[in-house]
Amino acid sequence: MSTATAYAKSLQSQPPRRISILGATGSIGRSTLDLIGRDPARYHVVALTGNRNAELLAAQAIAHNAELAVLADPSRYNELKAALAGTSIEAAAGDDALMEAVAHPVEWTMAAIVGSAGLRPTLEAVRQGTTVALANKECLVSAGDIFMQAVAKSGTQLLPVDSEHSAGFQAIDPKVSISIEKITLTASGGPFRTWTLEQMKDASPEDALKHPNWSMGQKLTIDSATLMNKGLELIEAYHLFPVEPEQLDVVIHPQSIVHCLVEYSDGSVIAQMSSPDMRTPIAYSLAWPERMWAPTERLDLAKIGSLTFESPDYERFPALRIAREALESDNGATTVLNAANEIAVDAFLGRRLGLLSICVLVAETMEAAVRAGLSKPKSLDEVLELDKRSRMLARSLLTELV
Ligand code: NDP
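Before going into details, it helps to say that this report is about the structure given with it. Everything numeric in this text was worked out from a predicted model, so none of it was measured.

## Quick notes on the overall build of the protein chain
Alright, step 1. A count of helices and strands for the protein chain gives 18 helices and eleven strands.
Alright, step 2. In terms of overall size, the protein chain behaves like a compact globule, its C-alpha atoms giving a radius of gyration of 21 Å where 402 residues would be expected to give roughly 21 Å.
Alright, step 3. With the C-alpha coordinates of the protein chain rotated into their principal frame, the extents come out at 55 × 55 × 40 Å.
Alright, step 4. Out of the 402 residues in the protein chain, the part that is buried amounts to 54%.
Alright, step 5. At a minimum sequence separation of 6, the contacts of the protein chain that also span at least 24 residues come to 67%.
Alright, step 6. The positive charge centre, built from 36 side chains, and the negative charge centre, built from 49, are 3 Å apart in the protein chain.

## Some words on the site of the ligand
Alright, step 1. Taken together, 24 residues sit near the ligand, with Thr 25, Ser 27, Ile 28, Asn 51 and Arg 52 positioned nearest.
Alright, step 2. Taking Gly 217, its main chain carries an N or O atom lying 3.0 Å from an oxygen atom of the ligand.
Alright, step 3. Within the complex, 84% of the 900 Å² of free accessible area of the ligand lies under protein.
Alright, step 4. Of the residues that constitute the shell around the ligand, the class distribution is eleven nonpolar, nine polar and four charged.

## A closer look at empty space enclosed by the protein
Alright, step 1. A full pass over the atoms with the stated rule returns one cavity of 30 Å³ or more.
Alright, step 2. As a volume, the largest cavity reaches approximately 40 Å³.
Alright, step 3. Along its surface, the largest cavity is lined by Ser 163, Ser 166, Gln 170, Trp 214, His 259, Gln 272, Ser 274, Ser 275, Asp 277, Thr 280 and Pro 281.
Alright, step 4. Breaking the lining of the largest cavity down by element, the ones donating at least two residues are α8 (163-171) and α13 (279-287).
Alright, step 5. Looking at the lining of the largest cavity element by element, the count peaks at three residues for α8.
Alright, step 6. Grouping the constituent residues of the lining of the largest cavity by class yields two nonpolar, eight polar and one charged.

## Thoughts on the packing of helix α11 (residues 218-226) against helix α12 (residues 228-240)
Alright, step 1. Packing of α11 against α12 leaves a shortest axis separation of 5 Å and a crossing angle of 95 degrees. With respect to their mutual orientation, α11 and α12 come out roughly perpendicular. The segment α11 lies against α12, with Lys 219, Leu 220, Asp 223, Ser 224 and Thr 226 engaging Met 228, Asn 229 and Leu 232.
Alright, step 2. Its residues placed into classes, the contact of α11 with α12 shows three nonpolar, three polar and two charged.

## Notes on the pairing of strand β9 (residues 248-252)
Alright, step 1. The buried fraction of β9 amounts to four of the five residues, a majority that puts the element mostly inside the structure.
Alright, step 2. Alignment of strand β8 (residues 180-187) against β9, held across five bridges, turns out to be parallel. Within β9, the position partnered with Ala 187 by the bridge is Ile 252.

Conventions adopted
- Residues numbered from 1 in each chain as written.
- Predicted model: local features only at pLDDT ≥ 70, side-chain atom pairs only at ≥ 80, totals over all residues.
- Heavy atoms only, no water.
- Helix = DSSP H or I, 4+ residues; strand = E, 2+ residues; numbered from the N terminus.
- Rg over C-alpha atoms; globule rule 2.2 N^0.38 Å.
- Buried < 20%, exposed > 50% of the residue type's maximum accessible area, 1.4 Å probe, protein only.
- Contact = heavy atoms within 4.5 Å.
- Lys, Arg positive; Asp, Glu negative; His and termini not counted.
- Charge placed at Lys NZ, Arg CZ, Asp CG, Glu CD.
- Near = heavy atom within 4 Å.
- Polar contact = N/O pair within 3.5 Å; in protein donor to acceptor, adjacent residues only side chain to side chain.
- Areas by Shrake-Rupley, 256 points an atom, 1.4 Å probe, with all protein chains shown as cover.
- Nonpolar A, V, L, I, M, F, W, Y, C, P; charged D, E, K, R; others polar.
- 1 Å grid on protein atoms, 1.4 Å probe; cavity = no way out; pocket = protein on both sides within 12 Å on 5 of 7 lines; lining within 4 Å.
- Points joined across faces, edges and corners; volume = space filled by probe spheres on them.
- Axes fitted to C-alpha atoms, helices over the stretch in contact; angles between N-to-C directions.
- Parallel < 35°, antiparallel > 145°, perpendicular 65-115°, else oblique.
- Pairing = 2+ DSSP bridges.

Structure below.
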């Protein structure tokens, strides 16, 4: 019997793995269900959650035979209930219902709620002490220290899903992590990589939403266009990996094939490569510590021809500098940065703010927060309070900018 057949047989004898997906109706959630749907016998779907998209959530819950479907927004409860009528799937809605869903015992949770709304539910999943596949960025950006302390306390196995951090996780050998000199995250450069500042001034949301390589939710696509996404990823990498901020670097790599490079003290650089498809890092987190088959395009390096790299332009893309300053200041500024950026991206999508003003608003909010006496939050409640105050501050500064 071949090793592959023996492995497949050994999996068949295992009971299905109990899993939940927070943010099932989003881009990451849908890709996760796509993988699970290709081998349904291996998974038992416990809870699927969304915010307002009752129709899709109900369809997903029925297709994957989930126990429970929960919407964060209670105003959509009746729609969800009606769509699940005649099934044995439980429908629920509201913040408390979401937290109860997270508390259902599972072996693996995908944390893919977008924004700071994901903080409490993801932290609750961590407190269960099982495996958490982390896509939500805000847990590490807004509440990194608190989040990682909770991970250490509960013994949770945290598996990064972001392609760059999944790549770093794969390239780091924990036995020799002390010998890491540098970790470099790659960035595609987004749709404005070759635009001049003058052109960027008039960029529309439609321009910004045309990402050259990746298919993602709206907020993240805009963050990729300003390179704020890479700034947020620097902060995430600091919390996930055993390095200081100055050991983190970013390089522009327009093909999005190499995702992260880990350089060791002997000069060796270990990089992870794959086609730009989130199903690869999601599959890695689903199968870890094994590997599973994923339906992604295989790399044909000869066909690709060349992989190119360039330094980021900090003048056109100040987000990287702002995010690094927030990380190094270690005073809660990353929480402010995240909140202000969410307000700014929302205003840009609503055509109330220009693309280049996104970073202006974020920087001004951070400066105003420091002037008002910024200090590092010590609990999740303090993070949420600072997040709320930062949003109010950003909204009031927004009215002066437009
Ligand atoms: P989407 O916007 O596509 O999906 C977000 C999900 O969160 C949806 O299920 C949405 O529900 C739900 N949601 C939105 N608001 C709330 C709320 N207030 N309470 C509870 N649930 C809510 O985002 P993505 O899937 O693109 O991204 C998810 C997270 O993963 C983000 O933090 C992102 O930064 C990160 N990430 C994403 C990557 C990608 O390629 N997409 C790559 C790496 C990280 P509904 O559909 O009902 O609105």
